[in-house]
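Architecture and fold: a report
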Amino acid sequence: MGCKNRVDLSEVRVLEVMTRDVTTIRLDENVHRAMELMIDQRIAALPVVNHAGVCLGIVTRSDLSELFLQLDDQFEQLAQAPWSDLGGLSDGFRTSVRELMSNNPVVARLEDRLVDSANLMSQHALHHLPIVNESGYLVGILSSLDIVNTVAKLASTSACRCSSTTHAIGL
């Protein structure tokens, strides 16, 4: 019995899977704004773009967590040293996106194969990959959840019931 509608996962391109409507943030905005956007949009990463839309970096929920852990350490130090001056305490909400973002982000292109982008994300321990065109302009974002959803969809719609699912979707 042959398999119908067999899809080769290695042929799926990033442009077929990525999110095109990307919430972004600018370099000069602050961490408070980044948090607002992430909470309001229910997202875990914000590509940082310049006025022209060129991707310069990325800010993630992990970056924010690290910042607030640093602030916790500062509060603890103040509590242990009564001679400390509160003026030396940094205000995390005034921290600029420029100070917090990951510079020179790992990116992918529209025509890249999904499996190559997934490998890139795995190698760099990333959950979000900005997608840029030839000029570096942000055109989308690929998340690890996008990849999982794609694999799940392919497995449920084109998996051959007569053989192993992994073989049918080309893993």
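Residue numbering note: each chain is counted from 1, following its sequence as written. Restriction of local features to residues with pLDDT of at least 70 applies here, the model being predicted, together with a cutoff of 80 or more for giving and counting side-chain atom pairs; totals for whole chains, interfaces and linings are based on all residues. Processing note: side-chain calculations cover all non-hydrogen atoms of the structure and skip hydrogens and water entirely.

Quick look at helix α1 (residues 31-41) now. Those residues of α1 that sit buried are Val31, Ala34, Leu37 and Met38. Each buried residue of α1 lies within a common arc of 120° when the element is viewed along its axis, so the set occupies one face. Exposed side chains of α1 directed beyond 90 degrees from the buried face belong to Ile39 and Asp40. For α1, the N-terminal capping position is held by Asn30, with its side-chain oxygen 3.1 Å away from the main-chain nitrogen of His32. Immediately downstream of α1, the backbone of Arg42 shows phi near 55°, a positive value. Accessible area is worked out with a 1.4 Å probe on protein chains only. A residue is then buried under 20% of its type maximum, exposed over 50%, and partly exposed in between. Secondary structure counts use DSSP, requiring at least four H or I residues in a row for a helix and at least two E residues in a row for a strand, with both numbered from the N terminus. Relevant arc is that of directions from the helix axis to the C-beta atoms, nothing else. We define a polar contact as two N or O atoms separated by no more than 3.5 Å, with the added condition that, inside protein, one atom must be a possible hydrogen donor and the other a possible acceptor, whereas residues neighbouring each other in sequence contribute only through side-chain atom pairs.

If DSSP finds at least two bridges between two strands, the strands pair. Taken together, the three strands give an open sheet; going across it, the order is β5-β6-β7, and neighbouring strands pair in mixed fashion. For this open sheet the edge positions go to β5 (108-109) and β7 (138-143), each flanked by a neighbour on one side alone.

Moving on to the sheet that holds strand β4 (residues 102-103). Pairing is mixed in the open sheet, where four strands are placed in the order β1-β2-β3-β4. In the strand order of this sheet, the two ends are held by β1 (25-26) and β4, each with one partner. Two strands pair when backbone bridges link them, and strand β2 (residues 45-49) and strand β3 (residues 55-60) are joined in this way by five bridges, in the antiparallel orientation. Considered in β3, the bridge of Ala45 is made with Thr60. α1 rests against β1, β2 and β3 of the sheet, and its axis sits at about 130° to β2. Throughout, a residue-residue contact means that at least one pair of heavy atoms, one from each residue, lies within 4.5 Å. Whenever a helix is involved, its axis is fitted only over the stretch in contact; in every case the axis is a line through C-alpha atoms, and angles between N-to-C directions fall within 0 to 180 degrees.

Remember that side chains alternate between the two faces of the sheet whenever the strand is regular. For β2, the buried fraction is high: five of the five residues fall into the buried class. The two faces of β2 match: Ala45, Pro47 and Val49 on one face and Leu46 and Val48 on the other face are all buried. Sheet analysis places β1 next to β2, joined by two bridges and oriented parallel. Opposite Arg26, over in β2, you have Val49 as the bridge partner. Connecting the antiparallel pair β2 and β3 is a turn made up of five residues, with Gly53 showing a positive phi of about 95°.

On to the confidence of the model for the protein, then. Here the protein averages 81 in pLDDT, and 71% of its residues register 70 or above. Below a pLDDT of 50 lies the segment residues 161-171, which in the model reaches 23 contacts outside its immediate sequence neighbourhood of four places, other chains included. On a scale of 0 to 100, pLDDT captures the predictor's confidence in every residue.

Within the chain, Asn104 stands out as a residue other than glycine whose phi angle is a positive 45°. Relative to the elements of secondary structure, Asn104 occurs in the loop between β4 and β5. Although it is not a glycine, Ala125 adopts a positive phi angle of roughly 55°. Looking at the secondary structure, you find Ala125 in the loop between α4 (114-123) and β6 (128-132). A residue is classified by how much of its surface remains accessible, and Ala125, at 66% relative accessible area, is exposed.

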